[in-house]
Amino acid sequence: MKLSFRWYGESDRISLEYISQIPNMYSVVTAVYDVPVGEVWPRENIARLKKLTEDAGLKFEVIESVPVHEDIKLGLPTRDKYIEAYKENIRRLGEAGVKCICYNFMPVFDWTRTQLDKVAKDGSTSLVYYTEQLEKMDPLNGELSLPGWDSSYKKEDLKHLFEQYKLVDEEKLFENLKYFLEQIIPVCEEADVNMAIHPDDPPWPIFGLPRIITNEKNIDRFLKLVDSKRNGLTFCTGSLGADPNNDLVKMVDKYSKMGRIHFMHVRNIKILNNGFEETAHDNTYGSLDIIGIMRVLVDNGFDGYLRPDHGRMIWGETGKPGYGLYDRALGASYLNGVWEALEEERRK
Ligand SMILES: [Mn+2]
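Residues numbered from 1 in each chain as written. Predicted model: local features only at pLDDT ≥ 70, side-chain atom pairs only at ≥ 80, totals over all residues.

A. Inspection of the nonpolar core at higher detail. Of all hydrophobic cores here, the largest spans 78 residues; its most connected members are I101, I184 and V252. Looking at this core element by element, the count peaks at eight residues for helix α7 (residues 170-191). Apart from residues no more than four positions distant in its own chain, I101 is found in contact with I63, V66, I90, L93, V193, M195 and A196. (Core = buried A, V, L, I, M, F, W, Y, C linked by C-beta atoms within 7 Å. Buried ≥ 20, exposed ≤ 12 C-beta atoms within 10 Å, placed from the backbone. Helix = DSSP H or I, 4+ residues; strand = E, 2+ residues; numbered from the N terminus. Contact = placed C-beta atoms within 7 Å.)

B. A look at the pairing of strand β4 (residues 100-104). Across the five residues of β4, four count as buried, placing the element largely inside the fold. Here three bridges tie strand β3 (residues 59-64) to β4, and the two strands are oriented parallel to one another. Within β4, the residue paired with V62 across the bridge is C100. Two elements, β4 and strand β7 (residues 194-198), share five bridges in a ladder whose sense is parallel. For N104, the partnering residue across the bridge sits in β7 and is H198. (Pairing = 2+ DSSP bridges.)

C. Region of interest: the pairing of strand β12 (residues 305-308). Alternating positions in β12 separate into two faces, Y305 and R307 on one and L306 and P308 on the other, with burial throughout. Here strand β1 (residues 2-6) runs beside β12; their pairing, made up of two bridges, is parallel. From the neighbouring strand, K2 faces β12, where its bridge partner is Y305. Alignment of strand β9 (residues 261-266) against β12, held across four bridges, turns out to be parallel. What sits directly across from H265, in β12, is R307.

D. Region of interest: helix α12 (residues 326-347). With 22 residues, α12 should reach 32 Å at 1.5 Å per residue; the first-to-last C-alpha distance of 32 Å fits that figure. Among the residues of α12, D327, R328, A329, G331, A332, L335 and V338 are the ones counted as buried. The inward-facing, buried residues of α12 contact β1, β9, α11 (290-299) and β12. (Expected span 1.5 Å × (residues − 1).)

Given below as structure tokens:
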């Protein structure tokens, strides 16, 4: 297991020095953030991130994300130029020593929560998803702003996008994903880079838009679209775990044995009748069997990247919701401890 930590580049309030002080920290997870979706990342931007990272004693091996242009997801004729740009990004990142690229194939919206600062009894705040809040949200009224959300969309652009997606159902989205993978996976073989798709978060359709990376059946289908080890997963426990029908321990066991998990996002959530709340990483705080998941990873000799995922805001910290330092560092330490104990147990 190679422990990693998301860093939002030079504008991140959390320094690389702080990240490197977390025990057992191996690599940053970052991206070039100032280039529009669909364009080629300048070599000098990549080189700068790499230098800053390595100067701090960390590896520059994981990118999250190289975003996929909507035209690719929609399957428009213009997709080919964006796929060419994507390929060039894979080559450039491979040259810079990147081993794993996380991306997602969610139409329009990235991860979605209905509230970013739900206060818990202990005064910490976290991200939550409540069905009744979602039902009141209208993405087309021009006022909605979400964390995983490209705020550069204008109201009219969004209306147009929603119109276009009326022609894209789950089958079509799978087809468009296959088209994309068939083009990029051979480039990954040459560039020695693994692609790791992030599951849809939450793992069900929202706002009438299709979602396909949601459960075991669909992930099986996804892996067969292009049956190469390069075509793999970011297994995000908090995303897939929001659907209680997903047996996470079984899925992690199966996909890690197949060598198809390149990147683990590990966090816990509490499942409610009307949605879910993000919690501390520890087993007892949420509904997910974090220890069971870590156990199969240890048993299967998982040597990919693993990072704590969203944290709560604690100790008065402010900043990017889900991406404070303190609770994610606690999460990393917890995951280290669990890993160490399980390895020790296995040796005996
Ligand atoms: Mn995740």
